[in-house]
Amino acid sequence: MKIDVLTLFPGMFTGPLDESIIKRARERGLLNLQIHNLRDWTHDRHKTVDDRPFGGGPGMVLKPEPLFEAVEALAQPGTRVIMVTPGGRKLTQEIGRELAGYEHLLLIAGSYEGFDERVRLGLAQDELSIGDYVLTNGALPVMVLIDVVTRLLPGVLGDEESAKEESFSNGLLEYPHYTRPAEFRGMKVPEILLSGHHAEIAKWRYERALERTRERRPDLIEIKKRETDNL
Ligand code: 21W
């Protein structure tokens with residue numbers, strides 16, 4: 001998959017995307033990631049990307065011209081153009097799976113200034129948020145999106161990790177995990193996990209997952225019920 005990113009803060013992207021699983025995916029050619037500075041598509045001496053809002057009011061607004069020029073230079077037929085904004089639809093694992101099916105994503109990160117509405121109307125095919133809290137700009141949301149999508153690309157996770165992913169995508173939170181030592185600072189590993197009774201262990205884990213989900217994320221159980229009803 002190819003991912004192009006448009007941002008005013010390209011420096012924020014060095015580091016997080018050069019480690020661990022994403023680094024390996026890039027090295028193996030499974031992900032071709034390129035970060036572009038929006039200022040490269042300005043033509044004035046000051047590389048102006050924003051201007052004062054029509055109608056007045058505080059702050060500045062990102063001008064449409066550099067964004068249109070950049071997208072027209074980077075997009076090809078079949079490219080999915082996505083803006084990240086606080087007002088977008090909320091990113092979910094399901095949206096991640098959908099996006100992992102595209103050959104080319106063009107991700108546009110804004111700043112606190114917000115976009116001229118014509119960028120939304122003329123360029124964006126989708127608008128995504130990563131949750132209900134306020135960040136200073138769209139760079140972290142774009143990195144979150146890249147992380148979510150990359151680990152879903154074929155071949156990025158090892159066989160073992162992919163299989164694990166499937167068994168955990170049962171819509172519940174994870175059951176509690178333990179490793180050695182069997183007792184640590186007075187806290188004992190549940191006896192059942194040391195018993196070797198695999199069917200009993202599977203049942204215990206399912207019950208703990210269900211219990212934990214009921215306590216912490218009852219909304220996930222409602223979602224699961226609705227999905228089951230639709231079958
Ligand atoms: C914060 C952008 C506030 C715009 C007048 C002119 C992308 C984000 C972002 C940001 C505003 C996401 C204004 C969860 C987020 C993002 C920066 C509002 C203020 N008024 N998901 N400008 N949270 N955030 N505009 O913050 O770009 S996805």
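As a convention, each chain's residues are numbered from 1 in the sequence order in which they are written. Where totals are concerned, whole chains, interfaces and linings use all residues; where local detail is concerned, this predicted model gives features only for residues with pLDDT of at least 70, and gives and counts side-chain atom pairs only at 80 or more. Note that water and hydrogens are dropped before the side-chain values are worked out from all heavy atoms of the structure.

**So, the overall build of the protein chain**
- Under the scheme used here, helices are H or I runs from DSSP no shorter than 4 residues and strands are E runs no shorter than 2 residues, and both carry numbers assigned from the N terminus. What the protein chain contains, in helices and strands, is 9 helices and 9 strands.
- In terms of overall dimensions, the protein chain is more spread out than a globule: its C-alpha atoms have a radius of gyration of 22 Å, far above the 17 Å expected for 231 residues.
- Reported as C-alpha extents along the three principal axes, the dimensions of the protein chain are approximately 70 × 45 × 40 Å.
- Here the term buried applies to any residue with accessible area under 20% of the maximum for its type, exposed to any over 50%, and partly exposed to those in between, with areas from a 1.4 Å probe on protein chains only. A burial count over the protein chain gives 35% of its 231 residues as buried.
- When the accessible surface of the protein chain is split by element, carbon and sulfur atoms take 52% of a total near 14,700 Å².
- Charged residues are defined narrowly, with Lys and Arg counted positive, Asp and Glu counted negative, and His plus the chain ends left uncounted. A single reference atom marks each charge: NZ on Lys, CZ on Arg, CG on Asp, CD on Glu. Here the protein chain contributes 31 positively and 37 negatively charged side chains, and the mean placements of these two sets differ by 4 Å. Throughout, radius of gyration means the C-alpha value; the globule benchmark is 2.2 Å times the number of residues raised to the power 0.38. All accessibility values rest on the Shrake-Rupley procedure with a 1.4 Å probe; residue burial counts only the protein chains present in the view.

**Concerning helix α8 (residues 198–216)**
- Expected helix span is taken as 1.5 Å per residue step, with the number of steps being one fewer than the number of residues. For α8, spanning 19 residues, the distance from its first C-alpha to its last is 27 Å, which sits close to the expected 27 Å at 1.5 Å a residue.
- Ile201, Trp204, Ala209 and Thr213 are the residues of α8 that are buried. One side of α8 holds all its buried residues, which, seen down the axis, span an arc of 160°. In α8, the exposed positions angled more than 90 degrees off the buried face are occupied by Ala199, Lys203, Arg214 and Glu215.
- In this structure, the buried side of α8 is in contact with α7 (191–194) and α9 (218–229). When we speak of the arc, we mean the arc of directions from the helix axis to the C-beta atoms. Here, two residues are considered to be in contact whenever any of their heavy atoms come within 4.5 Å of each other.

**Let's talk about the site of the ligand**
- Whether a residue is near a molecule or strand is decided by its heavy atoms; if any one of them lies within 4 Å of it, the residue is near. Taken together, 18 residues lie around the ligand, and Tyr112, Glu113, Ile130, Tyr133 and Leu135 are the ones closest in.
- Take tyrosine 112: an N or O atom from its main chain is 3.1 Å from a nitrogen atom of the ligand.
- The term polar contact refers here to a pair of N or O atoms within 3.5 Å; inside protein, the definition further demands a hydrogen-donor-capable atom paired with an acceptor-capable atom, and it admits residues adjacent in sequence only when both atoms are side-chain atoms. Between an oxygen atom of the ligand and a main-chain N or O atom of leucine 135, the distance comes to 2.8 Å.
- Here the ligand has 600 Å² of accessible area as a free molecule, and 80% of this is covered by the chains.
- Listed by contribution, the elements that provide at least two residues to the shell around the ligand are β5 (80–90) and β7 (126–129).
- For the shell around the ligand, the leading source of residues is β5, giving 3 residues.
- The residue inventory of the shell around the ligand, partitioned by class, reads 10 nonpolar, 7 polar and 1 charged. Each residue is assigned to one class: nonpolar for Ala, Val, Leu, Ile, Met, Phe, Trp, Tyr, Cys and Pro, charged for Asp, Glu, Lys and Arg, and polar for all the others, Gly among them.

**With respect to the sheet that holds β7**
- Overall, parallel pairing links the 5 strands, which are arranged β2-β1-β6-β5-β7 in an open sheet. Every other strand in the sheet has two partners, leaving β2 (32–37) and β7 as the edge strands with one partner each. Averaged over all neighbouring strand pairs, the angle between strand axes comes to 30°, with direction disregarded.
- Note: two strands are recorded as paired if DSSP finds a minimum of 2 bridges between them. Examined bridge by bridge, β5 and β7 share 5 bridges and lie parallel to one another. Each bridged residue has a counterpart across the sheet, and for methionine 83 the counterpart in β7 is glutamate 127.
- Of the strands in this sheet, β1 (2–7), β2, β5 and β6 (104–109) are in contact with helix α2 (residues 64–74), which crosses β6 at around 165°. Where helices are involved, their axes are fitted lines through C-alpha atoms of the stretch in contact, as for all axes, and angles between N-to-C directions lie from 0 to 180°.

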